[in-house]
Amino acid sequence: LFSARRNRGTVRDERAEAFAGRCREFAAAADRILERGDAAFGAAQGGLELREIAVGRLLLAHAEGAPALDLHGLGLTDLPPGLETLETLERLDISWNPGLGALPERLARCRGLRAIDARHCGVTEVPPQIFSLPRLETLDLSENAELRALPAGWRLDDPRLRLEGTPLEGIAGLLGSLTDGYRHA
């Protein structure tokens, strides 16, 4: 009985390793295409290939238990399904995806996230659940020119926030100046 269980475990391990190998091959092929800088890549199929690259990178991160996931510059309008099940995820780079518009609420289920880079994503709104992430250290929302408000209860001077190049940057600076002046008075 023990050897039968061990054999089943071995088969399962071999399948998992084969899957991880295919994910690595897929991610490497995607990276080679991106390195070529082929401007027509993705445009001919409405970005389908770029979304497939995102899914490939997500699958590879799942297979390897990676703490970081790089989805920057893939022209995404939504994040790939299954992202929230990546338990080891600490750093997520979704920058330079100007069609995102809003950070999805499901990001709040990535309980291990420490840093989210969402620069240049066309973000207009942020779900309030994002700040409930227990380990969040940095939420970079820089260069999102249409971001005009944060959810109720969020403070513009929160040290976890990066707001450079947003309409909120000026307000945060003004509040900082007022607070500093008040402290010195």
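This one's a predicted model, so the numbers in the text were calculated from it and none came from an experiment. (Residues numbered from 1 in each chain as written. Predicted model: local features only at pLDDT ≥ 70, side-chain atom pairs only at ≥ 80, totals over all residues. Heavy atoms only, no water.)

1. Focus on the overall build of the chain
(1) Moving on: Looking only at helices and strands, one finds three helices and five strands in the chain.
(2) Moving on: Listed N to C, the secondary structure of the chain is α-α-β-β-β-β-β-α in terms of helices and strands.
(3) Moving on: Here the chain, with 185 residues, has 37% of them falling under the buried criterion.
(4) Moving on: Long-range pairs, those at least 24 residues apart, make up 32% of the contacts in the chain between residues at least 6 apart in sequence.
(5) Moving on: For the chain, the accessible surface area stands at approximately 10,700 Å², while carbon and sulfur atoms represent 54% of it. (Helix = DSSP H or I, 4+ residues; strand = E, 2+ residues; numbered from the N terminus. Buried < 20%, exposed > 50% of the residue type's maximum accessible area, 1.4 Å probe, protein only. Contact = heavy atoms within 4.5 Å. Areas by Shrake-Rupley, 256 points an atom, 1.4 Å probe, with all protein chains shown as cover.)

2. Here we look at the environment of Ala-66
(1) Moving on: Checked against the element boundaries, Ala-66 lands in the loop between α2 (48-64) and β1 (68-70).
(2) Moving on: Every residue in contact with Ala-66, bar those within four places of it in the chain, is listed here: Ala-61, Thr-88 and Leu-89.

3. A short note on the pattern of salt bridges
Oppositely charged side chains can form a pair if their charged atoms are brought close together.
(1) Moving on: Summed over all chains, the structure comprises 10 salt bridges.
(2) Moving on: The shortest N-O distance in the salt bridge between Asp-140 and Arg-119 comes to 3.8 Å. Taken together, the residues Asp-140 in strand β4 (residues 138-140) and Arg-119 in the loop between β3 (115-117) and β4 connect sequence positions 21 residues apart.
(3) Moving on: Take Asp-140: its relative accessible area is 14%, and that puts it in the buried class.
(4) Moving on: Relative accessible area serves as the criterion here: at 28%, Arg-119 is assigned to the partly exposed category. (Salt bridge = Lys/Arg side-chain N within 4 Å of Asp/Glu carboxyl O.)

4. Focus: the side chain of Asn-144
(1) Moving on: Examined against the element boundaries, Asn-144 turns out to sit in the loop between β4 and β5 (161-162).
(2) Moving on: Here the side chain of Asn-144 touches Cys-121 through a polar contact of 2.9 Å, landing on its backbone nitrogen.
(3) Moving on: Only 2.8 Å separates the side chain of Asn-144 from the backbone nitrogen of Val-123, close enough to count as a polar contact.
(4) Moving on: Once residues lying within four places of it in the same chain are set aside, the contact partners of Asn-144 are Ala-118, Arg-119, His-120, Cys-121, Gly-122, Val-123, Gly-165, Thr-166 and Pro-167. (Polar contact = N/O pair within 3.5 Å; in protein donor to acceptor, adjacent residues only side chain to side chain.)

5. A few points about the side chain of Ser-95
(1) Moving on: By the secondary structure assignment, Ser-95 is in the loop between β2 (91-93) and β3.
(2) Moving on: What Ser-95 contacts, discounting residues up to four positions off in sequence, is His-72, Gly-73, Asp-117, Ala-118, Arg-119 and Cys-121.

6. Thoughts on the packing of aromatic side chains
What characterises a pair of aromatic rings is the spacing of the ring centres plus the angle enclosed by the ring planes.
(1) Moving on: Overall, the coordinates contain one aromatic pair when judged by the stated rule.
(2) Moving on: Measuring from ring centre to ring centre gives 3.8 Å for Phe-131 and Trp-154, while their planes differ by 25 degrees; the resulting arrangement is stacked. One end of the pair, Phe-131, is in the loop between β3 and β4; the other, Trp-154, is in the loop between β4 and β5, and 23 residues separate them in sequence.
(3) Moving on: Over the face of the ring belonging to Phe-131 we find Arg-160, whose NZ or CZ atom lies 4.2 Å from the ring centre. (Phe/Tyr/Trp six-rings, centres within 6.5 Å; stacked < 30°, edge-to-face > 60°. Lys NZ or Arg CZ within 6 Å of the ring centre and 35° of its normal.)

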